[in-house]
Amino acid sequence: MGRIDGYAIVSEDGMLANAHRVMPDSLKSEADARFFEAGLDAADAVVHGRHSQEDQARSHLRPRLVLTRQVAALAQHPTNPRALLWNPGGTSFEQALNALGVEGAAVGVIGGAEVFALFLDRYDAFHLSRAPGVRIPGGRPVFPEVPTRTPEEVLAAHGLLADPVQMLDPKTGVSVVSWRRASR
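Let me begin by describing the structure that accompanies this report. Computed from a predicted structure; not experimentally measured. (Residues numbered from 1 in each chain as written. Predicted model: local features only at pLDDT ≥ 70, side-chain atom pairs only at ≥ 80, totals over all residues. Heavy atoms only, no water.)

## Considerations on the environment of Gly111
So, point 1. The residue Gly111 is located in the loop between β7 (107–109) and α3 (113–118) in this model.
So, point 2. You can call Gly111 buried: its relative accessible area is 0%.
So, point 3. Sequence separation between Gly111 and His48 is 63 residues, and the spatial gap between their C-alpha atoms is 5.1 Å.
So, point 4. Setting aside residues no more than four positions away along its own chain, Gly111 makes contact with Val47, His48, Gly49, Ser52 and Phe116. (Helix = DSSP H or I, 4+ residues; strand = E, 2+ residues; numbered from the N terminus. Buried < 20%, exposed > 50% of the residue type's maximum accessible area, 1.4 Å probe, protein only. Contact = heavy atoms within 4.5 Å.)

## A short note on the nonpolar core
So, point 1. Val47 and Phe126 are the most contacted members of the largest nonpolar core, which has 44 residues in total.
So, point 2. Leave out the neighbours within four places in its chain, and Phe126 touches Gly6, Tyr7, Ala8, Phe116, Val142, Phe143, Leu155, Leu160, Val177, Ser178 and Trp179.
So, point 3. Core analysis: the second largest hydrophobic core is formed by 5 residues, Phe36, Leu40, Val46 and Ile110 among them. (Core = buried A, V, L, I, M, F, W, Y, C linked by side-chain atoms within 4.5 Å.)

## Observations regarding the pairing of strand β1 (residues 4–10)
Two faces, one strand: in a regular strand the side chains alternate between the faces of the sheet.
So, point 1. In terms of burial, β1 is a largely internal element, 7 of the 7 residues being buried.
So, point 2. Going residue by residue along β1, you find Ile4, Gly6, Ala8 and Val10 tucked away on one face and Asp5, Tyr7 and Ile9 tucked away on the opposite face as well.
So, point 3. Pairing of β1 with β7 involves 3 bridges; the strand directions are parallel. By the bridge assignment for β7, Asp5 is matched with Gly108.
So, point 4. Pairing geometry for β1 and strand β8 (residues 125–130), over 6 bridges, is parallel. Its bridge partner being in β8, Val10 is matched across the sheet by Arg130. (Pairing = 2+ DSSP bridges.)

It is worth stressing that arrangement in space is one thing and function is another; only the former is reported here.
So, in structure tokens, the structure goes:
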């Protein structure tokens, strides 16, 4: 199995989208978008839910698994020939990657909460960016346990250790902490 890396930018209260599943402009950062895109450029495939997406210049080139309960196991995505719809209850992650043609691939997981949670015990790294001063009351959390627990508490509980803070944008204060698995 290749690497599995998660990528998210969250508000101070651990939210990655508003109640309508839309990332507000207050969470968007050019510096974080560059970090995110560089990470996905190093991945062989992307995994996300129906409401998550990426909007970079090479997004259409990336093979991807889109999680859904609308199919029994796997199905061709109706509009993206490089994507498969995947129901984890119907087939394994390894089988889904094989069907996508990227078995043993490096994978970038980009959300939402249930998708991020599915890989908590499998991440090699989770790159958690923070937008200071941003709060999204009633928003969509990065993990199902948020806000009862902080995103950092959730990652630590699953055996990931924090690297030092990396400042992405000193002007806005947007930073990232890469949480890495101590051992495989």
